[in-house]
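Coordinate analysis (summary)
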Amino acid sequence: AAAAAAASENCTNHDCVRCNGLALDKEMTQWCVRKLRCVNYPEAILKLIPCSGVPLTKLELEHLPPLSTLASPFDYEVSILESACADITGELQHLYKNRRQFWVRNETQTGGGGGWDLAFLINQGQVNEAVAEVCPKTVLVMNLLRHSLVSPCIFGNVVFSVLHPGTVIRPHQGPTNARIRCHLALVCPPEGCSMTVDGRQYSWVEGKCLIFDDYLTHSVTHYGHSHRTVLMLDFWHPHISQADRSVLGTLCAARGQFSSP
């Protein structure tokens, strides 16, 4: 909780859902939470919401089991991504040569003196046309995965993520259990870089996918000697209904100008 609070205090992006929540009015808040059956907003709390609404910082759908209880639900997606890894890595190298044009630095969760750079292809449901233009092969792969990607939805991202040596990403959680996160490892140091998810430690293997439930508390430490780069994607939870996907898609429609359907 302390780490999450620190991240929120340091975040300067007012559109960041994870740090600042969804700015919904009372009617939209109640509609969304009831439709999605969110266990972290019981009816007693909904009745107390002021007319101006409250920022929804987390949406926890009651019927979705954590990934740890699921049996390899993303075999198709993994096969597509791993077969395209060389092409995606080639486009990454072009992107990284133009760091000032395409990349942003995330400093809200990091410590240890390293750095965390991001180049968004899809940022909170919106396509970054500048990155898409220089990554046509990656875009083709995303089109093959379009039914699995959390898009269009404010909780959906596709982003190149570079961690520099010395980076520590503090423990944090994603904003909803409706998504499952995938890392396609593009460039990885042989040792010294790992992620801990719900108390279990994982390492990346170059050319392979690492899939995890980012609603569970997770953190990263990078004590290696070279940068670690992944393509980070958000997939719909395999148990989420089409109706719930539509509700979440409604939240992406106006990006800050939400109204009840």
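What you see is a predicted model, and the numbers here were worked out from it, not measured in a lab.

Conventions we followed
Residues numbered from 1 in each chain as written. Predicted model: local features only at pLDDT ≥ 70, side-chain atom pairs only at ≥ 80, totals over all residues. Heavy atoms only, no water. Helix = DSSP H or I, 4+ residues; strand = E, 2+ residues; numbered from the N terminus. Buried < 20%, exposed > 50% of the residue type's maximum accessible area, 1.4 Å probe, protein only. Contact = heavy atoms within 4.5 Å. Areas by Shrake-Rupley, 256 points an atom, 1.4 Å probe, with all protein chains shown as cover. Core = buried A, V, L, I, M, F, W, Y, C linked by side-chain atoms within 4.5 Å. Salt bridge = Lys/Arg side-chain N within 4 Å of Asp/Glu carboxyl O. Polar contact = N/O pair within 3.5 Å; in protein donor to acceptor, adjacent residues only side chain to side chain.

Time to look at the overall build of the protein. Per the secondary structure count, the protein includes 10 helices and 14 strands. Across the 261 residues of the protein, 49% fall into the buried class. Put simply, of all contacts in the protein between residues at least 6 apart along the chain, 78% involve residues at least 24 apart. When the accessible surface of the protein is split by element, carbon and sulfur atoms take 52% of a total near 12500 Å².

Once that is clear, we can look at the nonpolar core. For soluble globular proteins, the rule of thumb is that nonpolar side chains tend to be buried together. Counting 34 residues, the largest nonpolar core has Leu81, Trp103, Met142, Leu145, Phe160, Leu231 and Leu233 as its most contacted members. Within the residue set of this core, elements represented by two or more residues are helix 5 (75–83), helix 6 (85–97), strand 5 (115–123), helix 8 (129–134), helix 9 (136–144), strand 7 (158–164), strand 9 (179–187) and strand 14 (228–236). Top contributing element to this core by residue count: helix 6, with 5 residues. Apart from residues no more than four positions distant in its own chain, leucine 233 is found in contact with Leu81, Met142, Leu145, Leu149, Asn157, Val158, Ile180, Arg181 and Cys182. With 17 residues, the next largest nonpolar core counts Leu118, Ala185, Trp204 and Met232 among its residues.

Bringing the pattern of salt bridges into the picture now. This structure, assessed with the given rule, holds 9 salt bridges. Among the salt bridges present, the one from arginine 105 reaches aspartate 117, with a minimum N-O distance of 2.4 Å. Of the two residues, arginine 105 is situated in strand 3 (residues 104–105) and aspartate 117 in strand 5; the sequence distance between them amounts to 12 residues. For arginine 105, a relative accessible area of 44% translates into the label partly exposed. The exposure class assigned to aspartate 117 is buried, which follows from its relative accessible area of 9%. Arginine 179 is the salt-bridge partner of aspartate 214, the closest N and O atoms lying 2.7 Å from each other. One end of the pair, aspartate 214, is in the loop between strand 12 (209–212) and strand 13 (218–222); the other, arginine 179, is in strand 9, with 35 residues separating them in the sequence. Across the pair, exposure class does not vary: aspartate 214 and arginine 179 are buried alike. Among the charged side chains, a network of salt bridges with common partners joins Arg179, Arg181, Asp214 and Asp234.

Turning to the side chain of serine 161, a few remarks are in order. Within the fold, serine 161 resides in strand 7. Only 2.8 Å separates the side chain of serine 161 from the side chain of tryptophan 116, close enough to count as a polar contact. Apart from residues no more than four positions distant in its own chain, serine 161 is found in contact with Trp116, Asp117, Leu118, Arg228, Thr229 and Val230.

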